[in-house]
Amino acid sequence: MELRLDVKGASPEEISRGIVAAQAVFERNGIQPDKAANGMFALEGWDIKGYPEGEEPSEEEDKAASVWFEAERAACEACCAGWPEEAKVRRRALGLGSPEPKVKTANPATWPERKRLYPDIIRRLETATGPDRQLDIDICFVMGWINESGTPEQAAELGLPYLTSNLAEVAEITRKSLSQWKIEIDQEPCDARIIEPERDADDDDDMSVAAWRCSDGWLHMEKPPANTAIALTLAAMRLQADSFLDQAW
């Protein structure tokens, strides 16, 4: 879980500034945010119950809660620095949650358009018959690596990766982005799987994905991908989409 700051009207830069300020408070006090949050929940739960005797938070929980509130104040002050007094947010803004998907944070300004186009890119990868330089540049756009799409000629001018033809290049990008994940490639028929790192045995939510054939034998499409570069690009994009598309696959 990562720190999240919800301040209406704040820019990504202001939110980032607030998160950094909160993290500094936790580091200075030598406590992890989740532990501080647990202390805050214990204190607020006692409040909700009407402060019954004998159910007070422990001394450790009370100290942890104090750090959480200090971090929240610091985050709000840093985020809203320079704002009119009436617009500033001072509490109930800091929280813990899953990190924003990388595809969104890579370029927040173009995210709404890129999110709309993302499913179409998946479909084009599924039906691609071979290397496609136009598809390469369109993928780079929806991933947020460039500010706008373009032509195959512009893809060459910009030195964009060959995502539908060069397996080595796609594998390097994927390994850098998912350094702890395992990548499996099949040559005949072409397929690729990205396998989640070791997780709790009791956790039923397996985030591993495949380009074509899932571990249970279920197929994403009738035919396998046209080549292994397309297969790995498709698997990586499926994994990314699981964080922002409802019932993606």
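Structure first, text after, so check above.
Let me begin by describing the structure that accompanies this report. Everything quoted here is computed from the prediction, not taken from an experiment.

This part is about the nonpolar core. Counting residues in hydrophobic clusters, the biggest one holds 39 residues, and the most contacted among them are Y118, L125, I139 and M237. Top element by residues in this core is helix 9 (residues 228-241). It accounts for nine residues. In this structure Y118 touches V103, V142, M143, M237, Q240, A241, F244 and L245, once residues within four positions along its chain are discounted.

Okay, the pairing of strand 4 (residues 191-195) next. Within strand 4, four of the five residues are buried, which leaves the element mostly enclosed by the surrounding structure. Pairing of strand 3 (residues 182-186) with strand 4 involves five bridges; the strand directions are antiparallel. Bridging across to strand 4, D186 finds its partner in D191. With two bridges connecting them, strand 4 and strand 5 (residues 209-210) associate as antiparallel partners. Its bridge partner lying in strand 5, I194 is registered against V209.

Looking now at the packing of helix 8 (residues 167-177) against helix 9. Remark: helix 8 packs on helix 9, axes separated minimally by 8 Å, with the N-to-C direction vectors making an angle of 20°. One way to sum up the angle between helix 8 and helix 9 is to call them roughly parallel. Our pair here, helix 8 against helix 9, has a crossing hand that is left-handed. For the pair helix 8 and helix 9, the contacting residues are L167, V170, A171 and T174 in the first and T228, A229, L232, T233 and A236 in the second. In the contact of helix 8 with helix 9, the residues fall into six nonpolar, three polar and no charged.

All right, on to the side chain of D191 then. Position of D191 among the secondary structure elements: in strand 4. With a relative accessible area of 2%, D191 lands in the buried category. Within polar-contact distance, the side chain of D191 engages the backbone nitrogen of W212 at 2.9 Å. Leave out the neighbours within four places in its chain, and D191 touches E184, I185, D186, A211, W212, R213 and A231.

Basis of the calculations
Residues numbered from 1 in each chain as written. Predicted model: local features only at pLDDT ≥ 70, side-chain atom pairs only at ≥ 80, totals over all residues. Heavy atoms only, no water. Core = buried A, V, L, I, M, F, W, Y, C linked by side-chain atoms within 4.5 Å. Buried < 20%, exposed > 50% of the residue type's maximum accessible area, 1.4 Å probe, protein only. Helix = DSSP H or I, 4+ residues; strand = E, 2+ residues; numbered from the N terminus. Contact = heavy atoms within 4.5 Å. Pairing = 2+ DSSP bridges. Axes fitted to C-alpha atoms, helices over the stretch in contact; angles between N-to-C directions. Parallel < 35°, antiparallel > 145°, perpendicular 65-115°, else oblique. Left-handed = near helix turned anticlockwise from the far one by under 90°. Nonpolar A, V, L, I, M, F, W, Y, C, P; charged D, E, K, R; others polar. Polar contact = N/O pair within 3.5 Å; in protein donor to acceptor, adjacent residues only side chain to side chain.

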